[in-house]
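Now for the letters of each chain:
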Amino acid sequence: MHNVNKYNFELLKQKIVATMQQSYPGINPNMAEWKGQEITDFQEELLQKVNAHISEKWFYNHIKSQNESLPRIDILNLLSKYVGYANWDDFVFQNRDKVASKKIITKGSRYFVLVPLLLVSVMVILFFLFKLLSTQQFHFSFYDAHTHEAIISDQIEIKLLLENESPINYFADTVGNFFLKTDHSQIKMVVSAPYYKSDTIIRILKKFDREQKIGLHANDYALIIHYFSVMDVDDWQKRRNYLAKIFDDAAIIYQVLNNKNAPGMELYNKEEFIDKLTMPTRSLKHIEILETKFKDDKIMVLRFRINKKK
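Description of the structure in this document. Being a predicted model, the structure only gives us computed values, none of them experimental.

### Points about the layout of surface pockets
- Considered as a void within the structure, the largest pocket measures approximately 470 Å³ in volume.
- In terms of lining residues, the largest pocket is bounded by 22 residues, among which Glu157, Ser192, Leu290, Glu291 and Arg303 are the most central.
- Sorting the residues of the lining of the largest pocket by element identifies β2 (157-161), β5 (186-193), β6 (196-204), β10 (287-295) and β11 (298-306) as the ones contributing at least two each.
- The dominant element in the lining of the largest pocket, judged by the number of residues it contributes, is β10, at 6 residues.
- Tallied by class, residues from the lining of the largest pocket come to 10 nonpolar, 5 polar and 7 charged.
- Counted as a void, the second largest pocket has a volume near 380 Å³.
- Considering the residues around the second largest pocket, the lining is formed by 19 residues, among which Phe9, Glu10, Lys13, Ile63 and Gln66 are closest to the centre.
- By residue class, the composition of the lining of the second largest pocket is 7 nonpolar, 7 polar and 5 charged.

### A short note on the sheet that holds β6
- Taken in spatial order, the 4 strands make up an open sheet running β3-β2-β5-β6, and their pairing is antiparallel. Each edge of the open sheet is held by one strand with a lone partner, namely β3 (168-171) and β6. Looking at each pair of strands side by side, their axes are set apart by 25 degrees on average, direction ignored.
- Here β5 runs beside β6; their pairing, made up of 7 bridges, is antiparallel. If you follow Gln186 over to β6, its bridge partner there is Ile204.

Cut-offs applied
- Residues numbered from 1 in each chain as written.
- Predicted model: local features only at pLDDT ≥ 70, side-chain atom pairs only at ≥ 80, totals over all residues.
- Heavy atoms only, no water.
- 1 Å grid on protein atoms, 1.4 Å probe; cavity = no way out; pocket = protein on both sides within 12 Å on 5 of 7 lines; lining within 4 Å.
- Points joined across faces, edges and corners; volume = space filled by probe spheres on them.
- Helix = DSSP H or I, 4+ residues; strand = E, 2+ residues; numbered from the N terminus.
- Nonpolar A, V, L, I, M, F, W, Y, C, P; charged D, E, K, R; others polar.
- Pairing = 2+ DSSP bridges.
- Axes fitted to C-alpha atoms, helices over the stretch in contact; angles between N-to-C directions.

Given below as structure tokens:
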């Protein structure tokens, strides 16, 4: 059915419903949903007002189903008369403005819906293509800034700092490598490792230079504390004096307890820790430094555990 004819026929059905509602106010406003008594009432209306009859079969073929062709012209004429027009041609002529405006609106609406939808789809596709092509995997390795030897440890912690997001924590693999997939051109991260000073690293990433080497500076104080814990005491007073110099008087020192069933920690002040580390009957042996924080070049926070495998 041609679109113009379809619009005209749909408009005619709406006017049939409006005319029927004058006699039957409660009738279903959707003509396609009429059935039984409603169809019978419509047949009687046609018979009384235009002296014409349509069969129930015709009603089902042209009203309740999507028939692609218009009804016969004689049927269109009597239906047009029922709603107050001389015939079908008169109905079409007098409603030409409504049909024309509906065509314009329909075409315009289609244009204003399809074009933005197409543009959005293209933009989404281009965005994902850009992300796919710009995302690269970068390999970070770490070395001692003094000796230039590779740092091989799975205790290297990388805290990735992203703008407007919470930090994301990673650990290097067993040989000290860290792999990162990103489409950012610049990254910022805080790198921490046992016996090395934490450092904030900012790197400009280039897709043709995916191997990144980062130097870490040794934490001399942590190394010395570890050394004192594994070596026999020969001059304990000299070592006490040295430890007293590198710790802040208000230092907080934590021992992480190696108990899987009930993990916890033990807290020491400066004097208690020095006593346990330097007295001949030392209870702290084979210390493994986990974290140090400094204030004015003195240790303010120390976190450690005892490595019983030593």
